[in-house]
Amino acid sequence: KQEVTQIPAALSVPEGENLVLNCSFTDSAIYNLQWFRQDPGKGLTSLLLIQSSQREQTSGRLNASLDKSSGRSTLYIAASQPGDSATYLCAVMGGAQKLVFGQGTRLTINP
Amino acid sequence: DTGVSQDPRHKITKRGQNVTFRCDPISEHNRLYWYRQTLGQGPEFLTYFQNEAQLEKSRLLSDRFSAERPKGSFSTLEIQRTEQGDSAMYLCASSLSVAGNTIYFGEGSWLTVV
């Protein structure tokens, strides 16, 4: 059974810092890994999708990497801003064609 | 198309009542998912459809829960005889049925059982 773990559970940093969020998964047989953002009380917004054959994806200040063999992914956020404050969720899709989520990292960027 | 749409956004109901949520996926998407999320947790898979066929149901989906997608377009999730433990956000998502495709989520339907 696939299990996804995100560390840390919460993170608070001053504005302008670069930061890294971590995600690990137990079964490397995945189709892809997706990072989402969730604001309080809202749905999920897809940030980046990395296919199993890819090593990284970039969108603006966000960069996600994938090391499938070791079961790890990182989300790098450059030059953080208060508007980046949210919960970030990592999810993997395996052969069952459904996403398995981690519990998320709650990020707070302090002005 | 504005994305995945869910209705209602919020529902407060008394224990024992039935509730129904509706999801309208992105129009060309033939795969539709339901997830449940409680406070401080990641979403948990409930069920998914490809067109009108329900292909998988989680053990979380007790016999009080039923989901339908009668014409392969919108879907409904009904909870009968609600319990306080059903209080959660119910998320709908859709995608194309291509392996590894991006899954898009709606804003969710909050259920509070009092």
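This text follows the structure it describes.
An account of the accompanying structure is given in this report.

Examining the overall build of chain B
A count of helices and strands for chain B gives 0 helices and 11 strands. Secondary structure elements of chain B, listed N to C terminal, follow the sequence β-β-β-β-β-β-β-β-β-β-β. Over its C-alpha atoms chain B spans a radius of gyration of 13 Å, differing by no more than 12% from the 13 Å that the globule rule assigns to 114 residues. Restricting the contact set of chain B to residue pairs at least 6 apart, pairs at least 24 apart contribute 53%. For chain B, the accessible area works out to roughly 5600 Å², and carbon and sulfur atoms hold 44% of it. Looking at chain B, you have 13 positive and 13 negative side-chain charges, and the mean spots of the two groups are 5 Å apart.

Examining the sheet that holds strand β3 (residues 19–24) of chain B
Through backbone hydrogen bonds, the strands of a sheet pair up, either in parallel or in antiparallel fashion. Residue and element names in this part refer to chain B. In space, the 4 strands of this open sheet follow the order β1-β3-β8-β7, with antiparallel pairing throughout. The outermost strands of the open sheet, each flanked by one partner alone, are β1 (5–7) and β7 (65–68). Neighbour to neighbour, the strand axes of the sheet diverge by 15 degrees on average, direction disregarded. Direction of pairing for β7 relative to strand β8 (residues 75–79): antiparallel, over a ladder of 4 bridges. Paired with F65 across the bridge in β8 is I79.

Here's the deal with the packing of aromatic side chains
Residues and elements named next belong to chain B. Scanning all chains against the criterion turns up 10 aromatic pairs over all chains. Arranged with centres 5.2 Å apart and planes meeting at 20 degrees, the rings of Y33 and Y48 form a pair that is stacked. Of this pair, Y33 sits in strand β4 (residues 31–37) while Y48 sits in strand β5 (residues 44–50); the two residues are 15 residues apart in sequence, bridging distant segments of the chain. Comparing Y33 with Y48, the two get one shared label, buried. With 5.6 Å between their ring centres and 55 degrees between their planes, Y35 and F105 make a pair best called tilted. Here the residue Y35 occupies a position in strand β4, and F105 occupies one in strand β10 (residues 104–105), the gap between them amounting to 70 residues.

Points about the environment of K1 of chain A
Secondary-structure assignment places K1 of chain A in the segment before β1 (4–7). Distance in space between the C-alpha atoms of K1 of chain A and S24 of chain A is 14 Å, their sequence separation being 23 residues.

Looking at the pattern of salt bridges
Applying the stated rule across the entire model yields 6 salt bridges over all chains. Across the salt bridge formed by R37 of chain A and D39 of chain A, the nearest N and O atoms sit 3.0 Å from each other. For R37 of chain A, a relative accessible area of 17% gives the class buried. One salt bridge in this structure joins K98 of chain A and E56 of chain B, with 2.7 Å as the shortest N-O distance. Of this pair, K98 of chain A sits in the loop between β9 (86–94) and β10 (99–101) while E56 of chain B is found in strand β6 (residues 53–57), placing the two residues in two different chains. Looking at K98 of chain A, the relative accessible area reads 17%, which means it is buried. Via salt bridges that share partners, R64, E83 and D86 of chain B belong to a single interconnected network.

Criteria and cut-off values
- Residues numbered from 1 in each chain as written.
- Chains lettered and ligands numbered in written order.
- Predicted model: local features only at pLDDT ≥ 70, side-chain atom pairs only at ≥ 80, totals over all residues.
- Heavy atoms only, no water.
- Helix = DSSP H or I, 4+ residues; strand = E, 2+ residues; numbered from the N terminus.
- Rg over C-alpha atoms; globule rule 2.2 N^0.38 Å.
- Contact = heavy atoms within 4.5 Å.
- Areas by Shrake-Rupley, 256 points an atom, 1.4 Å probe, with all protein chains shown as cover.
- Lys, Arg positive; Asp, Glu negative; His and termini not counted.
- Charge placed at Lys NZ, Arg CZ, Asp CG, Glu CD.
- Pairing = 2+ DSSP bridges.
- Axes fitted to C-alpha atoms, helices over the stretch in contact; angles between N-to-C directions.
- Phe/Tyr/Trp six-rings, centres within 6.5 Å; stacked < 30°, edge-to-face > 60°.
- Buried < 20%, exposed > 50% of the residue type's maximum accessible area, 1.4 Å probe, protein only.
- Salt bridge = Lys/Arg side-chain N within 4 Å of Asp/Glu carboxyl O.

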